[in-house]
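Single-letter residue listing:
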Amino acid sequence: MNTALVRYHPATNGALFRLRGMLLELERTVRGLEREYASDVDKLREFERRFRPAVGDRYDELERLRERINRGWLALGEAQESRAAGTAQARDDDHGEAASSPPPEEGARRLFLALARQIHPDLAADDQESRRRHELMAEATLAYRDNDERRLQWLLEHWQAESEPILGCGLGASWARTNRQIAWARYRMRELQHASGQLHASPIARLMHEHERARSVGRNFILELRRQLHAELEEAYRELDRLEAAVDDLDPDSGEAVRSAFSA
C-alpha cells in the first residue's frame, strides 16, 4: 500500500497565464456584447424615428386612451369595494394589526443606498479599482431606475463577498485578482444578455421585427398597422363608453371621484 503524502502544488506561472488568457477572452466577449447592444439600440432609435411620423399620433392616442381606461376601471373597482375594504381595515385596527407596507420602490431605494455607500468610486485605491467601482455604480443606477431589487441585491452580495482588498504582488495575489476580474466579466456578460433580451422584447422592437418580416414578403406593414390602430382605437372608445355607463350607476360623489381618476 502506497502511504506517500500527496503534496499540494500551488498555482504556477503557466496556470496564471492560462487564467489571464481566459480573462482576456471573456473581456473580448463582453466588449462584443456591448457593441452589439449599442448597435441594436441605434437600430431601434432609427426605426422609431421613421416609424413615429407615419403612425405615431394614432399609436400615442391609443396608448393614452388605454391608460385612461385602465385608471378608470381601477378607480371604479376601488369605489365599488370601498365599503368592504373599510370594514376589513376597521377589523384589523380592532386587533392592532394596522399594516403599513412600504411603497413598492422602498426596497430598491434601501438596497441602492446601501450599495452606493460601499462602492462609491472615491473610495478606490487605484485606477483599476476605480473603473470597476464606476461600472458597478452604473449597473446599480440602472437597476434602481428599473426598480429591480433582484439585481440590486445581487450586486450588493457580490460586492460584499469580493470587496476585501487583495494585498501583495506575488503569484497568489495575482491569481486572486484575476479570478475576481473573471467573476466580474462573467457578471457583465449575464447582465448584457439580460438587457439585450429586454430590448428585443420591447414593443418598439417587436414592431421593427414585424416590419422587417412584412417587408421580406412584400407586405406594407405601415399601412396594415394604420388600419389595425384605427380598429383598436374604435374598440377603445367603445370600452370608454362602457366604463362611463358603469360610472353612471354610482352615487354622485363616488362617480365624480372615479371620473376625476380617468379624465383626459
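What counts and how
Residues numbered from 1 in each chain as written. Predicted model: local features only at pLDDT ≥ 70, side-chain atom pairs only at ≥ 80, totals over all residues. Heavy atoms only, no water. Helix = DSSP H or I, 4+ residues; strand = E, 2+ residues; numbered from the N terminus. Buried < 20%, exposed > 50% of the residue type's maximum accessible area, 1.4 Å probe, protein only. Contact = heavy atoms within 4.5 Å. Areas by Shrake-Rupley, 256 points an atom, 1.4 Å probe, with all protein chains shown as cover. Axes fitted to C-alpha atoms, helices over the stretch in contact; angles between N-to-C directions. Parallel < 35°, antiparallel > 145°, perpendicular 65-115°, else oblique. Nonpolar A, V, L, I, M, F, W, Y, C, P; charged D, E, K, R; others polar. Core = buried A, V, L, I, M, F, W, Y, C linked by side-chain atoms within 4.5 Å. pLDDT = per-residue confidence, 0-100.

Draft legend 1. Region of interest: the overall build of the chain. Scanning the chain for helices and strands turns up 9 helices and 0 strands. Along the chain, helices (α) and strands (β) appear in the sequence α-α-α-α-α-α-α-α-α when read from the amino end. Taking all 264 residues of the chain together, the buried fraction comes to 31%. Residue pairs at least 24 apart in sequence account for 72% of intrachain contacts in the chain once pairs closer than 6 positions are excluded. Accessible area for the chain stands at about 17800 Å²; split by element, carbon and sulfur atoms hold 52% of it.

Draft legend 2. Region of interest: the packing of helix H3 (residues 106-119) against helix H4 (residues 127-145). Closest axis-to-axis distance for the H3/H4 pair is 10 Å, and the angle between their directions is 170°. As judged from the angle between their axes, H3 and H4 are roughly antiparallel. Residues Ala-108, Arg-109, Phe-112, Leu-115, Ala-116, Gln-118 and Ile-119 of H3 form the contact with H4, whose participating residues are Arg-133, Leu-136, Met-137, Ala-140, Thr-141 and Tyr-144. A class-by-class count of the residues in the contact of H3 with H4 yields 9 nonpolar, 2 polar and 2 charged.

Draft legend 3. Focus on the nonpolar core. Residues Phe-51, Leu-207, Leu-225, Val-247 and Val-258 are the most contacted members of the largest nonpolar core, which totals 29 residues. Elements supplying a minimum of two residues to this core: helix H1 (13-80), helix H7 (203-216) and helix H8 (221-248). Considering each element in turn, this core owes the most residues, 11 residues, to H1. Among residues more than four places away in sequence, those in contact with Leu-207 are Phe-47, Phe-51, Tyr-59, Phe-221 and Leu-225. One finds Phe-112, Leu-115, Met-137 and Trp-159 within the second-largest nonpolar core, a separate group that totals 17 residues.

Draft legend 4. Local environment of the confidence of the model for the chain. Looking at the chain, the pLDDT average stands at 78 and 81% of residues meet or exceed 70. Helix H2 (residues 82-94) is the least confidently modelled element of the chain, averaging 49 in pLDDT, while H8 averages 87, the highest of any element. Confidence drops under a pLDDT of 50 for residues 1-9, and excluding neighbours within four residues, the segment shows 0 contacts in the predicted structure. Counting contacts from residues 95-104, a segment whose pLDDT is below 50, to residues more than four positions away or on other chains yields 6 contacts.

Draft legend 5. Local environment of the packing of H8 against helix H9 (residues 252-261). Between H8 and H9, the shortest axis-to-axis distance is 9 Å and the interhelical angle comes to 155°. By the angle between their axes, H8 is roughly antiparallel relative to H9. Where H8 approaches H9, its residues Glu-244, Val-247 and Asp-248 are matched on the opposing element by Gly-255, Val-258 and Arg-259. Its residues placed into classes, the contact of H8 with H9 shows 2 nonpolar, 1 polar and 3 charged.

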